[in-house]
Amino acid sequence: MRKPVIAGNWKMFKTSGEAASFVEKLRPLVAHSDHCEVVVAPPFTALRAAADAARGSNIRIAAQDMHWAKEGAHTGDISAAMLEDAGATLVILGHSERRHDHGETDEEVNHKLKAALAAGLGPVVCVGETLAEREAGETRSVLERQFRQGFAALTAADFSRIIIAYEPVWAIGTGRTATPEMAEESHRFIRELAGAGFGRTEAAAVRILYGGSVKPENIAGLMTEEDIDGALVGGASLQVESFAAIVNYKRATTR
Ligand code: 13P
């Protein structure tokens, strides 16, 4: 049984005060949400405030990126040890906005992934095709390249500590969610890649989250698909009520 993960990626939103008050309000709303793991990913500057506010709760804190070096002359960058020091236990890697805004490559994602694993952080690695790639019929080849290069030279034990997020770029922030069937097709393909790369046990165990315009209204439908193990939520994770409603999707369904 794969335990679902519902994670909120706050992107470049919220000061530390706003982060703390969000987490304080969220705590009682998800205190009994044992059907899934609850994660929020504040910007670097709000990690400590969010982690302090989450202490003793079932809410885990993720960072949104990191550098692969332990330390060094990398102005503006943050290391894994710094994230842990600030209270993060997970880190999102390879988000399409990092790939787009900062030209991040699959090779860099791979460096970051290895460094996160070595530091004991739980990586949430994002993959997904752009609209042009989907329309050109390249979805599978893009996912395959991102998977092979992003997850290169890992052991099965390393892989078992990773969460994958499938985020089709055309569905991010557009209100255009992939249908559950479209998402399921890619999730199944990613699980096949995991099987070929790391073995059947690892493929059956890896959590694959869907991201892209997830809302309280569409989460239950997505979660009925066999290979969708949770969500990475952007916009709808910024309000406590909508994020809590997504976390608690199960109460609103008969599943
Ligand atoms: P939206 O939910 O705003 O589409 O963002 C998805 C996302 O990028 C999560 O990482």
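In case you missed it, the structure is sitting above this.
Here's what I pulled together on the structure shown here. Only a predicted model underlies this, so the values are computations on that prediction, with no experimental measurement involved. Counting of residues starts from 1 at the beginning of each chain's written sequence and follows it residue by residue. The predicted nature of this model means local features are confined to residues of pLDDT at least 70 and side-chain atom pairs, given and counted, to a pLDDT of 80 or more, with totals for whole chains, interfaces and linings taken over all residues. The side-chain quantities take in all heavy atoms of the structure and omit both hydrogens and water.

Right, let's talk about the site of the ligand for a bit. Nearness here has a simple test: a residue counts as near a molecule or strand if at least one of its heavy atoms is within 4 Å of that partner. Every residue close to the ligand is listed here: N9, K11, H95, E167, A171, I172, G173, G212, S213, L232, G234 and G235. Polar contacts here mean pairs of N or O atoms no more than 3.5 Å apart (in protein, one a potential hydrogen donor and the other a potential acceptor; neighbouring residues in sequence count only if both atoms are side-chain atoms). In the environment of the ligand, an oxygen atom lies 2.6 Å from a nitrogen or oxygen atom belonging to the backbone of G173. Here an oxygen atom of the ligand sits 2.8 Å away from a polar atom, N or O, in the main chain of G235. Contact with the protein chains covers 96% of the free accessible surface of the ligand, which is 310 Å². Each residue is assigned to one class: nonpolar for Ala, Val, Leu, Ile, Met, Phe, Trp, Tyr, Cys and Pro, charged for Asp, Glu, Lys and Arg, and polar for all the others, Gly among them. By residue class, the composition of the shell around the ligand is three nonpolar, seven polar and two charged. Shrake-Rupley sampling with a 1.4 Å probe provides the accessible areas, and residues are treated as covered by the protein chains on show and by no other component.

What follows is about helix 2 (residues 47-54). Of all eight residues making up helix 2, six are buried, and the element is well covered by its neighbours. Exposure is judged per residue with a 1.4 Å probe applied to protein chains only, and the accessible area is read against the type maximum: over 50% gives exposed, under 20% gives buried, and values in between give partly exposed. Under the scheme used here, helices are H or I runs from DSSP no shorter than 4 residues and strands are E runs no shorter than 2 residues, and both carry numbers assigned from the N terminus. For helix 2, the complete set of buried residues consists of L47, A49, A50, A51, A53 and A54. Here, residues are in contact when the closest pair of their heavy atoms is within 4.5 Å. Where helix 2 is buried, its residues meet helix 1 (16-30), strand 3 (59-63) and helix 3 (80-85). Of the residues trailing helix 2, G56 is marked for its positive phi of about 80 degrees.

For salt bridges, the criterion is a side-chain nitrogen of Lys or Arg within 4 Å of an Asp or Glu carboxyl oxygen. Under the definition given, this model contains 17 salt bridges. Between K11 and E97 there is a salt bridge whose closest N-O contact spans 2.8 Å. Of this pair, K11 sits in the loop between strand 1 (5-9) and helix 1 while E97 sits in helix 4 (residues 96-102); the two residues are 86 residues apart in sequence, bridging distant segments of the chain. For E97, a relative accessible area of 29% gives the class partly exposed. In this structure, D65 engages K112 in a salt bridge whose closest nitrogen and oxygen atoms are separated by 2.8 Å. Residue D65 is found in the loop between strand 3 and helix 3, and its partner K112 is found in helix 5 (residues 106-119); the two are separated by 47 residues along the sequence.

Residues apart from glycine generally show negative phi values, whereas peptide bonds are mostly found in trans. Phi at K14 takes a positive value of approximately 85 degrees, unusual for a residue other than glycine. The topology assignment puts K14 in the loop between strand 1 and helix 1. The phi torsion at S213 lies on the positive side, around 55 degrees, for a residue other than glycine. Looking at the element boundaries, S213 is found in the loop between strand 7 (208-211) and helix 11 (219-223). With a relative accessible area of 10%, S213 lands in the buried category.

Right, let's talk about the side chain of H67 for a bit. Inspection of the secondary structure puts H67 in the loop between strand 3 and helix 3. Here H74 takes part through its side chain, which lies 3.5 Å from a polar atom of the side chain of H67. Beyond its immediate chain neighbours, meaning those up to four positions away, H67 contacts H74, D77, I78, S79 and A80.

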